[in-house]
Amino acid sequence: MRWFFVLVLFLGLFLTALNAGAQETDPFANAPNPGLEVDTDLQMGPILLGSFSVVAIGVGAGFGWQADQEYDDWKDAQSAGDGDGMDDISDDVRNHSVVANILIFGGLAGVATAVLWFIVGRASDDDEGEASVEMTARWRPVIGPGHAGLSLEF
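Quick notes on the rules
- Residues numbered from 1 in each chain as written.
- Predicted model: local features only at pLDDT ≥ 70, side-chain atom pairs only at ≥ 80, totals over all residues.
- Heavy atoms only, no water.
- Helix = DSSP H or I, 4+ residues; strand = E, 2+ residues; numbered from the N terminus.
- Buried < 20%, exposed > 50% of the residue type's maximum accessible area, 1.4 Å probe, protein only.
- Contact = heavy atoms within 4.5 Å.
- Areas by Shrake-Rupley, 256 points an atom, 1.4 Å probe, with all protein chains shown as cover.
- Expected span 1.5 Å × (residues − 1).
- Salt bridge = Lys/Arg side-chain N within 4 Å of Asp/Glu carboxyl O.
- pLDDT = per-residue confidence, 0-100.
- Patch = residues over 30% accessible without salt bridge, like charges linked within 9 Å, V, L, I, M, F, W, Y side chains within 5 Å.
- Phe/Tyr/Trp six-rings, centres within 6.5 Å; stacked < 30°, edge-to-face > 60°.

### Examining the overall build of the chain
Looking only at helices and strands, the chain features three helices and four strands. The linear arrangement of helices and strands in the chain, starting from the amino end, is α-β-α-α-β-β-β. Classification of the 154 residues of the chain by burial places 23% in the buried group. Intrachain contacts of the chain at a sequence separation of at least 6 include 75% that bridge at least 24 residues. Surface exposure of the chain reaches about 10400 Å², of which carbon and sulfur atoms provide 62%.

The following block contains the structure:
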């Protein structure tokens, strides 16, 4: 069941990054502290998507390493003839390998999408002839009953 939540989290991050330029209104236009805004010529959407994807690959590699270690434990239990502990270990190996595969392959797809998005975005900026593109990024904490998080708008 954990892999489902990992998949939903990665999908949410991916859709947030894709929706980066869709918001036309600025809810923070009259914010009391305009120093929180960051103006840059960089395309923040592909950079953030690529960063989250690289982190997902790293976490997936950790789950894969854990599955490998548990598989070694399973082989040791099999050679020792311990049939009672093998079922629990095999379930852990299976669950960790599924999560590792989802995170690694999803992260690779995210990195490929980010690179393609970055290249296409740069090419479209060159075609328009604009010297610079104004983009802002804002971080906002989200706190509610039973959860906490961070909202990123750009």
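### Observations regarding helix α2 (residues 44-80)
Spanning 37 residues, α2 covers 54 Å between terminal C-alpha atoms, matching the ideal 54 Å at 1.5 Å per step. Every buried residue of α2 is accounted for by M44, G45, P46, L48, L49, G50, S53, A56, G60, A67, E70 and A77. A positive phi of about 80° marks G81, the residue just after α2.

### Brief notes about the pattern of salt bridges
The tally for this structure, following the rule as stated, stands at two salt bridges. The shortest N-O distance in the salt bridge between D91 and R94 comes to 3.1 Å. With a gap of three residues between them, D91 and R94 both fall in helix α3 (residues 83-128), about one helical turn apart.

### Observations regarding the confidence of the model for the chain
Per-chain confidence: the chain averages 77 in pLDDT, with 70% of residues scoring 70 or above. Between the elements of the chain, mean pLDDT differs from a low of 61, seen in strand β2 (residues 135-136), to a high of 90, seen in α2.

### So, a nonpolar patch on the surface
On the surface, F4, F5 and V8 cluster together to form a nonpolar patch covering roughly 290 Å² of accessible area. Within the secondary structure, F4 is located in helix α1 (residues 2-18). By relative accessible area, F4 is classed as partly exposed at 39%.

### Concerning the packing of aromatic side chains
Summed over all chains, the structure comprises one aromatic pair. The interplanar angle of 15° and the centroid separation of 5.9 Å between the aromatic rings of Y71 and W74 together place this pair among those described as stacked. Pair noted here: Y71 and W74 are both in helix α2, with a separation of three residues, about one helical turn. Take Y71: its relative accessible area is 37%, and that puts it in the partly exposed class. The exposure class assigned to W74 is partly exposed, which follows from its relative accessible area of 21%.

### Let's talk about the environment of I104
Inspection of the secondary structure puts I104 in helix α3. Note on I104: relative accessible area 25%, which makes it partly exposed. Residues within four places of I104 in sequence aside, it is in contact with I57, G60 and A61.

### Some thoughts on the side chain of S53
Structurally, S53 is set in helix α2. Once residues lying within four places of it in the same chain are set aside, the contact partners of S53 are F10, G107, G110 and V111.

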